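# Geometric and topological summary
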Amino acid sequence: MARMKFICDAERCIECNGCVTACKSEHEVPWGVNRRRVVTVNDGKVGERSISVACMHCTDAPCMAVCPVDCFYKTEEGVVLHDKDLCIGCGYCFYACPFGAPQFPQAGAFGLRGKMDKCTFCAGGPEVDNSAEEIKKYGRNRLSEGKLPACAEMCSTKALLGGDGEVIASIYQQRVKRRGKGEEVWGWAMAYNRKDAKSAAKQEVKA
Amino acid sequence: MNSKFRNRWVLQLVSVAAVIVAANVFAQTPAPTAVTAPANAPVVTPLVVAPIAQTPIVEAPKVIPPLPAGSTAAPGWNLPPKWSDVESTGQYASVRGRETNVLVEDSGQWWRSLRNGPLTFYGGIILLVIPAVLLTFFAIKGPFRLHDKLSGRLVERFNSAERMVHWTMAFSFVALAFTGITILFGKHLLLPIIGPAAFSWITVIGKNIHNFVGPLFVFSIIAFFFMYVKDNIFTGRDFTWLSKFGGLLSGNHVPSGRFNGGEKMWFWMSIVLFGILVSVSGLLLLFPNWNTSRELMAQSNLIHASLATLFMATSLGHIYIGTIGTEGAFQGMKEGYVDETWAKEHHALWLEEVKSGKRSGMRSGMPAGKAIAASQPAAGDD
Amino acid sequence: MIGAGRWQQNARRAAPVLVFAVSVLGLSGCGEIDQKAKTEKIYSGKKDAEAYDNTKFAGDKSKWESAMVERSKTQNEYNRTDTKKPAAN
């Protein structure tokens, strides 16, 4: 069975925020709501890395566990979705989530929280697929059209991979085998594919 | 009994037990996605930011880990960030907003495990056991009755301002308690019965009641504190009262002032201590626009829910003693006046103060025709 | 004592059966553990249609899954930029 997953390859992410823009444009989320964001770790320092983060569709999702009205559910593919009609805007999922995925549009004075909004893995919500109501509440349902999440498909460097977990894990594995990981991904030889880089990669694979 | 047979029998039992134990030990090895996942790794692909434990880069690397043979990398100048740089530490994010620059915030897992675990479990037990104990006590011993007949002379115990503040606090407390209970326990108790849609409506209305009644409760606590603190200062005789459980065991009342040791305990522990902590943590949760961090909100929520549960538990005792548990006590807070007999039996020193004129027994206008001032003997008395 | 002897005989006959039954019971503990988190069963709200329950996939789950796998594979640009397989594969 397909298990939907995201991976962000920190060696490739160039912090272009294309995923953020793709998501906002695909789902027309309200102002102040960002289902996806890019975090740059050690910005401006040696070894800087950027990484795109949104809902990770956890297997044991903390948001589901703490929701006082149990408005979360999980699809067969492991996508964590929720019913906005049931959501009371308490913010508990926001406290529990390690990734800061749940977003709350402001619904009144004093920062009163509206209905929670988060990444749906482009799988909509519990309305009729691609109905006007679903698009209004949850955005596009690309999965039902046989497409992958807009952020991953739009990624210019293919840093953000999304889709069937086994497939994207093998893509990532192939990359790591070929180019190395972490500190090794560096240098002109690596960038311009010189022979010494290839021999380095080969040696690494042997090791 | 044949010893050979017995030995075989024992052997068989031991082997069966061994099989069962071994099987269960094997079966109980935690599943990969067990609920008790470590806090900082809730089932995410670990490929992304693998915490490669290496020396920290400050400006120039001091200890450079070896690179694979043939690598063209400049040693030490492309080390990926350490996990400790990522975890719960603010980084850079071009998306603006509260804590958008925090990649992973692991305090939520701690909050979740405490809230969904001990807080719900023991809190629920406390809120079920306390009323059961009180009702059992009532069924066995009944209310504390007055030993003497009513004198017919009334003493003013609470003036109208004091009563108004008390009842504002009481009604807002009850509203907050019920809506709070719905949020913590509702999905276990109410949701399976009435279904998700109806429960969501109840909870969203409850949440708004909780949000808007909360500040009223905070104000009433402040007013209550200043009105009642004077008579709630602990004195030596309160400790005598407490050490004798207010005469509960002996049946003899220990003389006390306007408030006895138990009432002072309720005042200082519940209304002052719990009240302040629950109010402060509640206000932190009430205003998401104060830029409160998730960690602080989670901590506030734990303090709020656990102390509110204790507050509710102690309030049940207070409500019991103030209503069905003590004859004539409810009248004092409802109408403001108590009978002199009641005052003599429960608060003898206070009555003495009133009678000797140290303290006025009449601080607000008495309703016409309702009562007679304490100093005037009632007709037909003696 | 005669009765006790008969009981012993019966017990002797029953013992292997019991041992077998209890062993099977014990072994059943080795079975697969439910990998789903408890929280997955709690939602009782509106049913969501499956992603393949539409005109395009006509409820064919395997068709949808293979479509998703194929689509996922398009994210591997090694397949497009470079026909040579990397050293590992």
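Computed from a predicted model, the values in this text were never measured in an experiment.

Rules behind the numbers
- Residues numbered from 1 in each chain as written.
- Chains lettered and ligands numbered in written order.
- Predicted model: local features only at pLDDT ≥ 70, side-chain atom pairs only at ≥ 80, totals over all residues.
- Buried ≥ 20, exposed ≤ 12 C-beta atoms within 10 Å, placed from the backbone.
- Helix = DSSP H or I, 4+ residues; strand = E, 2+ residues; numbered from the N terminus.
- Core = buried A, V, L, I, M, F, W, Y, C linked by C-beta atoms within 7 Å.
- Contact = placed C-beta atoms within 7 Å.
- Pairing = 2+ DSSP bridges.
- pLDDT = per-residue confidence, 0-100.
- Axes fitted to C-alpha atoms, helices over the stretch in contact; angles between N-to-C directions.
- Parallel < 35°, antiparallel > 145°, perpendicular 65-115°, else oblique.
- Nonpolar A, V, L, I, M, F, W, Y, C, P; charged D, E, K, R; others polar.

### A short note on unusual backbone geometry
A negative phi angle is the norm for most residues apart from glycine, just as the trans form is the norm for most peptide bonds. All names here are of chain A. Unlike most non-glycine residues, Asn42 shows phi in positive territory, near 55°. Residue Asn42 is classed as partly exposed on the basis of its C-beta count, with 19 C-beta atoms lying within 10 Å. Phi is positive for Asn130, which is not a glycine, with a value near 60°. If you trace the backbone, Asn130 turns up in the loop between helix H3 (92-96) and helix H4 (132-138).

### A short note on the nonpolar core
Counting residues in hydrophobic clusters, the biggest one holds 80 residues, and the most contacted among them are Cys63, Cys67, Phe72, Cys93 and Leu160 of chain A. It is H3 of chain A that contributes the most residues to this core, 5 residues altogether. Leaving out residues up to four positions away in the same chain, Leu160 of chain A has contacts with Phe6, Cys8, Cys19, Ser52, Cys151, Ala152 and Cys155 of chain A. Phe173, Ile221, Phe224 and Trp266 of chain B belong to the second-largest nonpolar core, a separate cluster that totals 12 residues.

### With respect to the sheet that holds strand S2 (residues 37-41) of chain A
Sheet architecture is open: 3 strands sit in the order S3(A)-S2(A)-S1(B), paired in antiparallel fashion. Each edge of the open sheet is held by one strand with a lone partner, namely strand S3 (49-53) of chain A together with strand S1 (92-93) of chain B. Here 2 bridges tie S2 of chain A to S1 of chain B, and the two strands are oriented antiparallel to one another. Following the sheet pairing, Thr40 of chain A is matched in S1 of chain B by Tyr92 of chain B.

### Thoughts on the confidence of the model for chain C
In regions of low pLDDT, the predicted coordinates are not meant to be interpreted in detail. Residues and elements named next belong to chain C. When the pLDDT values of chain C are averaged, the result is 79; 75% of them are 70 or greater. Taking the mean pLDDT of every element in chain C, the minimum, 79, falls on helix H3 (residues 78-81) and the maximum, 91, on helix H2 (residues 61-73). For this predicted complex, the interface score ipTM comes out at 0.85, alongside a pTM of 0.77.

### Description of the packing of helix H3 (residues 107-141) of chain B against helix H9 (residues 294-322) of chain B
A pair of packed helices can be characterised by two numbers: the angle between their axes and the separation between those axes. All names here are of chain B. It is the contact of H3 with H9, at a shortest axis distance of 10 Å, that shows an interaxial angle of 5°. Compared by their axis directions, H3 and H9 come out roughly parallel. Residue classes in the contact of H3 with H9 are distributed as 15 nonpolar, 7 polar and 3 charged.

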